[in-house]
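# Structural characterization, general
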2 protein chains.
Amino acid sequence: MINGQSRVFAAVLSPVVDGGKYSIRRVVGQWVHVDARIICDGHDVIQAALQFKPAGSRTWQEHRIWGKAEDLWGGSFRVEAQGLWDYRVCGWVDHGLTWREGLSKKANDGQFVKTELQDGLHVLKAILDMKKQSEEVVDFLTRLIDLIGDENQYQEALQMALSNDLQHILYTCPEKKFISYSETYQVYVDRPRALFSAWYEFFPRSASREPGKHGTFKDCEQLLPRIKEFGFDVLYFPPIHPIGEVNRKGKNNSTVAAEGDVGSPWGIGSRNGGHDAIHPELGTLADYKALIQKAREMDIEIAMDFALQCAPDHPWVKEHPAWFKWRSDGTVQYAENPPKKYQDILPLYFETEDWRALWTAIRQVVLYWIEQGVTIFRVDNPHTKPFAFWEWLIAEVKKQHPDVLFLSEAFTRSALMYHLGKIGFTQSYTYFSWKNSKYELIDYMNELTKGSTGEVFRPNFWPNTPDINTFPMQNGNQTLYMIRIFLAATLSSSYGLYGPAYELLVHEALPGREEYYRSEKYEIYHWDWEARNALTMLITMLNKIRNAHPAFHETNNWENVNVQNDHLIAYYKQNADGSDKVLCVVNLNPYERQSASLQAPLHRIGVYPGQQFTVHDLISGNSWIWNQEWNYVALDPGLPFHLFHIRQ
Amino acid sequence: MINGQSRVFAAVLSPVVDGGKYSIRRVVGQWVHVDARIICDGHDVIQAALQFKPAGSRTWQEHRIWGKAEDLWGGSFRVEAQGLWDYRVCGWVDHGLTWREGLSKKANDGQFVKTELQDGLHVLKAILDMKKQSEEVVDFLTRLIDLIGDENQYQEALQMALSNDLQHILYTCPEKKFISYSETYQVYVDRPRALFSAWYEFFPRSASREPGKHGTFKDCEQLLPRIKEFGFDVLYFPPIHPIGEVNRKGKNNSTVAAEGDVGSPWGIGSRNGGHDAIHPELGTLADYKALIQKAREMDIEIAMDFALQCAPDHPWVKEHPAWFKWRSDGTVQYAENPPKKYQDILPLYFETEDWRALWTAIRQVVLYWIEQGVTIFRVDNPHTKPFAFWEWLIAEVKKQHPDVLFLSEAFTRSALMYHLGKIGFTQSYTYFSWKNSKYELIDYMNELTKGSTGEVFRPNFWPNTPDINTFPMQNGNQTLYMIRIFLAATLSSSYGLYGPAYELLVHEALPGREEYYRSEKYEIYHWDWEARNALTMLITMLNKIRNAHPAFHETNNWENVNVQNDHLIAYYKQNADGSDKVLCVVNLNPYERQSASLQAPLHRIGVYPGQQFTVHDLISGNSWIWNQEWNYVALDPGLPFHLFHIRQ
């Protein structure tokens, strides 16, 4: 039931996603900036506050907010713990401030305001009676009330009533009568790695130092120091489950496997087990757990590939025929994108009458791996399974294990990708791999970071994956590889790469396709795991800089910077408190020197025109002193970027 | 509980106001155009529908909708009765169309699809089993099912399965399995006059033909034929209640009334009664009811001024002291905007503990006047009373009397004006009166009609009111008066004027103020009610044209038209079915001839470049044949506008 005495209308304008149907996302320590409408009938002074609390708590914390523009109020709060938080705004007619403002206007107009002074007694007394007032406030109000009550002290009372001290007391100790509240909205808070992560992908079966030998988890352990040296904090393996033997794929994605072909790890399930088993040649569960543990000691998390599809010999096909679609000829439905057929893969049949058992079994698989130590899932093609299923699964998992993160590998239309973010995915692959020109990059960064998309969708930028060998990369020189990894690591706070192929500039492709020739998806590679080169040095440096500079720990702080050359892109980032400020300039042309004037964002840096500041290149070690808004920059293909730390 | 088999996600994108918290507005017969997101995992063919129903009904009506752009679906429905309507969208995986699409792609690829044909039997049978299939559909499906079942009829079965006839059946008779629904949103539907109305205001006390005599309702009856002749359909009087005698205002808003001064009608209440009484000099309740009845016979509605404030001698002050604020000196609080004091007016104290009784009493007043025949309330200063109160009051009244309309007289900040629209006001006064230049007018029309404002806020354009005598009007010639009334009547489907002063070009003002000198608010005028002149002729013509042309029956259909002269403004309107198309061109300069090229909106008119069409000026009676996109227009101060009806 409404209280008719509440005259203020309070509403949160932003951040609100789909009318509040979905929570926004933050990580621990981030801020939520709230815009609100606070309006009231008439001319009275109104005041407002932003309230917030962990969803389970009964007690709201509160910050006062202020009018930013006509009828637009704003304020911020910091989320300091994982989990779901509530936020709302509230407003009230401030009777104390209203009274003092009227008094002041009339007194300035020369009116005799004895009655007006006395009209204020009830609000002054109400504030005096509030709990926890300081001694100073009590003394001040007691004396003012006495003065107003004494006919002979009119001037003294008026002076005290019009003092800044009283204004301060009225503002800081309001009598919040007839308070109005907005709807409550929610923010889901993850641990920091949800937003800031550097991923490295390799195939464990290629981890052996001995050519031709199937790699094992034990071999992977030997590679951990290398991953650590490069500075990555998430190590992601393609599926580690038993690989199907029926309709197994051969080399180069051939539909017929030759004797000894190892198949695609995404063809999951065989007589050796399904999604809860380990491919025998990789080692045992104990080996996997030991690897997870060793990695954890180096602050590296192992991400598991979660690919919800089955090889024809997956145990579920016999144990749960209802989880698959059966054709009129009595065979099970394989994956199709007509007229194409993928006979090595059986999709799960989510329209089954037995969907409850299917969902429960999948949850069980996830929980099982979490028990073994997995904390991150890279979900293969989530956009080919129902949204409602993911929304349920992720909520179920997060309820018990809020630390667990989910990366969506949905290369599909943007509406679906962003919807997967809304319903719970922590991060997502993106179309960064195909954004090459300056204006494509700027448009995409704006799309991802400005507006409501950035509230629910955290991008993860990959220059390559085992599935993505873009045309420019196929033809690229080392400079292009430097540029692409630099962009990924500095535009987005989460990025990753399919490492060995990238470092070693592997780029041979199937003709006319953006796929690797002799893709590692279908055979064992032997990599030179000792190799060090310009790219590994750059990657190591970028990860060090990223770790040291909080400006790189988020993505939505990206701001385009004006630089007058279509081959050059520049962008600025700073952390929330402004203590770390970086400016990146990249020559997107890997063959030619490019130069231009760059307009330094002086108002963001916090200097006035003419004031001197230093741009220190964290890659080259060079510094320049700038004291103008417009500055000359020139970049050669040898080192095609600046990563400036701004110092004053 | 969700059904996990439902794979589609369906959401309404627009129109949605504040996440669905407020209903959008329409009048009977208008369309609601809905944009929706309909997405699904995977590659299956999905289908969707827009559903709608009166809120009280259990049965949804339905229109199929279609993909307008990537993942954006759209459709429309027409609201055919007053009251609250529900709307939502729904979507489903169409198993029939999915099956046929796969079959077609494989057959085109040359594959042998016998099994695929048989895979379709279950969906064909399901559709056959649905109720109410036509005989043709039953015959077709029965034959196809037979053919598929006959091994020797493979080619015939395939041909029939790939026929357009089957595609048509599958589309029109879908098996809607595992359907998903969006949230439900609401549209409030008013009677047409809520959107299309022409208002005329005069003071009934000035209605007498005898100079110096207080006008009466009976005198007003004599004026009805004049209002009817001019073509207005709402006649609005300032308050007709007893005028306070204590602190009564004198002429020219003087704080001291002279002997015989009649006071302001907005100073409501005296020993003769309050808001439910009639000022004795105007006549009796019976006279008022007779006037309402006479007016109704001419299709004119009488709008009542609803001004929730009291003169110091209003009966409520003694009967309900708790409804007023009392000062520490024992006096009742008068209206203030410090340092200004309005001692003739006591505001109601909405923060009173007795608010329930106050709200109930006000509702009683409104219901009382509705019983006497009032159907429209023009609410004085609603922004100085609580929003929650209006939301409740209007909902309470509409529940019993959906025909009753409320015009908001809130000249305040736009956020408050639009909020009053959201919470229930039918129409609102606007800032049209102060929009004079071409670009001010275009910006304001865009603000009002594009985006979500137009969904909840219906403007009513007034060139003048007893309170508004703008600086340009004070100095304006007859041409300016013609321009302003033309703009009001053609830009907005609802408009009004403070008539006698307007027609007779009264424009003397208090120096430096936008108020009339010797305002009729404080004294009785004697008007020449027989006068006819260029303005009355124009008004009569405009109202005739407005009534005859449905393009003028709504406001949101306004579209700016490019005309290359800053003194000329042009705009286009057409009704929903495109059967009525008008193009207005106005010379905003009342002193000089202006000419320019005008870019006819050919794509809206529905002609191709080079195709001939006629623009027929409904004011001058002249016609031009245009066959180009760019056309020459020239307007003189003598007749400073074209009102073109477009004919093909």
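This is a predicted model, so every value here is computed, not measured.

### Quick notes on the overall build of chain A
- Counting its secondary structure elements, chain A contains 19 helices and 29 strands.
- Viewed in the frame of its principal axes, chain A has a C-alpha envelope of about 110 × 65 × 45 Å.
- Taking all contacts inside chain A whose residues are at least 6 apart in sequence as the whole, residues at least 24 apart take part in 75%.
- Accessible area for chain A stands at about 25700 Å²; split by element, carbon and sulfur atoms hold 49% of it.
- One way to put it: in chain A the 65 positive side-chain charges average out to a point 2 Å from where the 78 negative ones average out.

### Focus: helix α10 (residues 355–372) of chain B
- For α10(B), built from 18 residues, the straight-helix expectation of 26 Å at 1.5 Å per residue is met to within 8% by its first-to-last C-alpha distance of 26 Å.
- Buried positions along α10(B) lie against α8 (285–297), β12 (301–306), α9 (315–319), β17 (376–380) and α11 (387–400) of chain B.

### Topic: the domain arrangement of chain A
All names here are of chain A.
- Domain boundaries in chain A define domain 1 (8–93 + 179–189), domain 2 (96–172), domain 3 (198–240 + 278–308 + 350–552) and domain 4 (559–647).
- Computed over C-alpha atoms only, the centres of domain 3 and domain 4 are separated by 30 Å.
- Both sides of the domain 3 and domain 4 interface together cover about 2300 Å² of buried area, and 70% of this is carbon and sulfur.
- When residues of domain 3 are sorted by the area they lose upon contact with domain 4, Lys438, Phe486 and Ala551 head the list and together hold 26% of the total.

### Concerning the packing of aromatic side chains
Residues and elements named next belong to chain A.
- In the structure shown here, the tally under the stated rule is 86 aromatic pairs over all chains.
- Between Phe77 and Tyr87, the aromatic rings sit 5.7 Å apart at their centres with planes inclined by 45°, giving tilted as the arrangement. Here Phe77 is found in strand β6 (residues 72–78), whereas its partner Tyr87 is found in strand β7 (residues 83–93), with ten residues between them in sequence. As far as the burial class goes, Phe77 and Tyr87 line up, both buried.

### Regarding the relation of the copies chain A and chain B
- Each copy superposes on the other: chain A lies on chain B with an RMSD of 0.0 Å after a rotation of 180° and an axial shift of 0.0 Å. Here the copies are linked by what is in effect a two-fold axis. For chain A, the residue whose C-alpha comes nearest the rotation axis is A:Gly19, separated from it by 1.9 Å.
- Here 98% of the contact residues of chain A are again contact residues in chain B; the copies associate through an equivalent surface.

### A short note on the interface of chain A and chain B
- Taken residue by residue, the interface counts 57 residues in chain A and 57 residues in chain B.
- A buried area of about 5100 Å², summed over both sides, lies between chain A and chain B, and 54% of it is on carbon and sulfur atoms.
- Between chain A and chain B we count twelve salt bridges in total.
- The partner of A:Arg327 in a salt bridge is B:Glu116, with the nearest N and O atoms 3.1 Å apart.
- One can count 27 residue pairs in polar contact (both at pLDDT 80 or more) joining chain A with chain B.
- When grouped by side-chain class, the residues that make up the side of chain A that touches chain B number 18 nonpolar, 18 polar and 21 charged.

### Quick look at the pattern of salt bridges
All names here are of chain A.
- Overall, the coordinates contain 82 salt bridges over all chains when judged by the stated rule.
- Across the salt bridge formed by Glu515 and Arg513, the nearest N and O atoms sit 2.6 Å from each other.
- For Glu515, a relative accessible area of 23% puts it in the partly exposed group.
- For Arg513, a relative accessible area of 42% puts it in the partly exposed group.

### Here's the deal with the sheet that holds strand β19 (residues 427–429) of chain B
All names here are of chain B.
- The strand order across the open sheet formed by eight strands is β20-β19-β18-β17-β12-β11-β10-β21, and the pairing between neighbours is parallel. If you trace the sheet from one side to the other, it starts and ends with β20 (459–460) and β21 (494–498), each paired once.
- Across two bridges, strand β18 (residues 405–409) lies against β19 in parallel orientation. Opposite Leu407, over in β19, you have Gln427 as the bridge partner.
- Helix-sheet contacts for α8 involve β11 (234–237) and β12, and the interaxial angle to β12 is about 135°.

### Remarks on the sheet that holds strand β11 (residues 234–237) of chain A
Residues and elements named next belong to chain A.
- Taken in spatial order, the eight strands of this open sheet run β20-β19-β18-β17-β12-β11-β10-β21, and their pairing is parallel. Taken across any chain shown, the strands that pair with only one partner, and hence form the sheet edges, are β20 (459–460) and β21 (494–498).
- Pairing geometry for strand β12 (residues 301–306) and strand β17 (residues 376–380), over four bridges, is parallel. Bridging across to β17, Met304 finds its partner in Phe377.
- The strands touched by helix α7 (residues 217–230) within the sheet are β10 (197–201) and β11, with β11 carrying the most contacts at an inclination of about 140°.

### Remarks on a negative patch on the surface
Residues and elements named next belong to chain A.
- A grouping of Glu135, Glu136, Asp139 and Asp165 is seen on the molecular surface, where their side chains present a negatively charged patch.
- Sorting elements by how many residues they give to the negative patch places helix α4 (residues 135–149) first, with three residues.
- Along the chain, the position of Asp139 falls in helix α4.

### Examining the state of the cysteines
- Counted under the stated rule, the structure contains zero disulfides over all chains.
- With no disulfide of its own, A:Cys173 lies 16 Å from the sulfur of A:Cys90, the closest cysteine sulfur.
- B:Cys90 carries a free sulfur, and the closest cysteine sulfur to it, the one in B:Cys40, is 14 Å from it.

### A closer look at the side chain of A:Gln574
Residues and elements named next belong to chain A.
- When you line up the elements, Gln574 lands in strand β23 (residues 568–574).
- Here the side chain of Gln574 touches Tyr572 through a polar contact of 2.6 Å, side chain to side chain.
- In this structure Gln574 touches Ala551, Glu554, Asn557, Asp580, Lys581 and Arg604, once residues within four positions along its chain are discounted.

### Comments concerning the environment of A:His279
Residue and element names in this part refer to chain A.
- Here His279 lies in the loop between β11 and α8 (285–297).
- Once the C-alpha coordinates of His279 and Lys251 are considered, the two residues, 28 residues apart in sequence, prove to be 19 Å apart.
- Ignoring anything within four residues of it in the chain, the contact list for His279 reads His214, Ile240, His241, Pro242 and Ile243.

### Describing the environment of A:Arg209
Residue and element names in this part refer to chain A.
- Assignment of secondary structure puts Arg209 in the loop between β10 and α7.
- When the C-alpha atoms of Arg209 and Ala531 are compared, they prove to be 12 Å apart, with 322 residues separating the residues in sequence.
- Within the structure, the side chain of Arg209 is placed 2.5 Å from the side chain of Glu530, a separation counted as a polar contact.

### Some remarks on unusual backbone geometry
Residue and element names in this part refer to chain B.
- With omega at -5°, the peptide bond leading from Ser14 into Pro15 counts as cis.
- Position of Pro15 relative to the elements: it lies in the loop between β1 (8–14) and β2 (24–27).
- Residue Pro339 follows Pro338 across a cis peptide bond; omega there is 5°.
- In this fold, Pro339 is placed in the loop between β14 (335–337) and β15 (340–342).
- Phi is positive for Phe178, close to 55°, though the residue is something other than glycine.
- Topologically, Phe178 is positioned in the loop between α6 (164–172) and β8 (180–181).
- The exposure class assigned to Phe178 is buried, which follows from its relative accessible area of 16%.

### Here's the deal with empty space enclosed by the protein
Residues and elements named next belong to chain A.
- Scanning the model with the defined rule gives nine cavities of 30 Å³ or more in all.
- Of the voids in this model, the largest cavity is the one considered here, and its volume is about 90 Å³.
- Every residue lining the largest cavity is listed: Phe203, Pro204, Arg205, His214, Pro238, Pro239, His241, Ile243, Val262, Pro265, His279 and Leu282.
- In the lining of the largest cavity, the residues fall into eight nonpolar, three polar and one charged.

### Examining helix α4 (residues 135–149) of chain B
Residue and element names in this part refer to chain B.
- With 15 residues, α4 should reach 21 Å at 1.5 Å per residue; the first-to-last C-alpha distance of 21 Å fits that figure.
- Regarding α4, the residues found buried are Val137, Phe140, Leu141, Leu144, Ile145, Leu147 and Ile148. All buried residues of α4 fall inside an arc of 160° around its axis, so they share one side. When the buried face of α4 is taken as reference, the exposed residues oriented beyond 90 degrees from it are Glu135, Asp146 and Gly149.
- Where α4 is buried, its residues contact α2 (114–119), α3 (121–129), α5 (154–161) and α6.

Here is what the cut-offs are and how they apply
- Residues numbered from 1 in each chain as written.
- Chains lettered and ligands numbered in written order.
- Predicted model: local features only at pLDDT ≥ 70, side-chain atom pairs only at ≥ 80, totals over all residues.
- Heavy atoms only, no water.
- Helix = DSSP H or I, 4+ residues; strand = E, 2+ residues; numbered from the N terminus.
- Contact = heavy atoms within 4.5 Å.
- Areas by Shrake-Rupley, 256 points an atom, 1.4 Å probe, with all protein chains shown as cover.
- Lys, Arg positive; Asp, Glu negative; His and termini not counted.
- Charge placed at Lys NZ, Arg CZ, Asp CG, Glu CD.
- Expected span 1.5 Å × (residues − 1).
- Domains from an automatic or database assignment.
- Buried area = accessible area lost by both parts, 1.4 Å probe.
- Phe/Tyr/Trp six-rings, centres within 6.5 Å; stacked < 30°, edge-to-face > 60°.
- Buried < 20%, exposed > 50% of the residue type's maximum accessible area, 1.4 Å probe, protein only.
- Least-squares fit on C-alpha atoms with pLDDT ≥ 70 in both.
- Salt bridge = Lys/Arg side-chain N within 4 Å of Asp/Glu carboxyl O.
- Polar contact = N/O pair within 3.5 Å; in protein donor to acceptor, adjacent residues only side chain to side chain.
- Nonpolar A, V, L, I, M, F, W, Y, C, P; charged D, E, K, R; others polar.
- Pairing = 2+ DSSP bridges.
- Axes fitted to C-alpha atoms, helices over the stretch in contact; angles between N-to-C directions.
- Patch = residues over 30% accessible without salt bridge, like charges linked within 9 Å, V, L, I, M, F, W, Y side chains within 5 Å.
- Disulfide = S-S within 2.5 Å.
- 1 Å grid on protein atoms, 1.4 Å probe; cavity = no way out; pocket = protein on both sides within 12 Å on 5 of 7 lines; lining within 4 Å.
- Points joined across faces, edges and corners; volume = space filled by probe spheres on them.
- Arc of directions from axis to C-beta.

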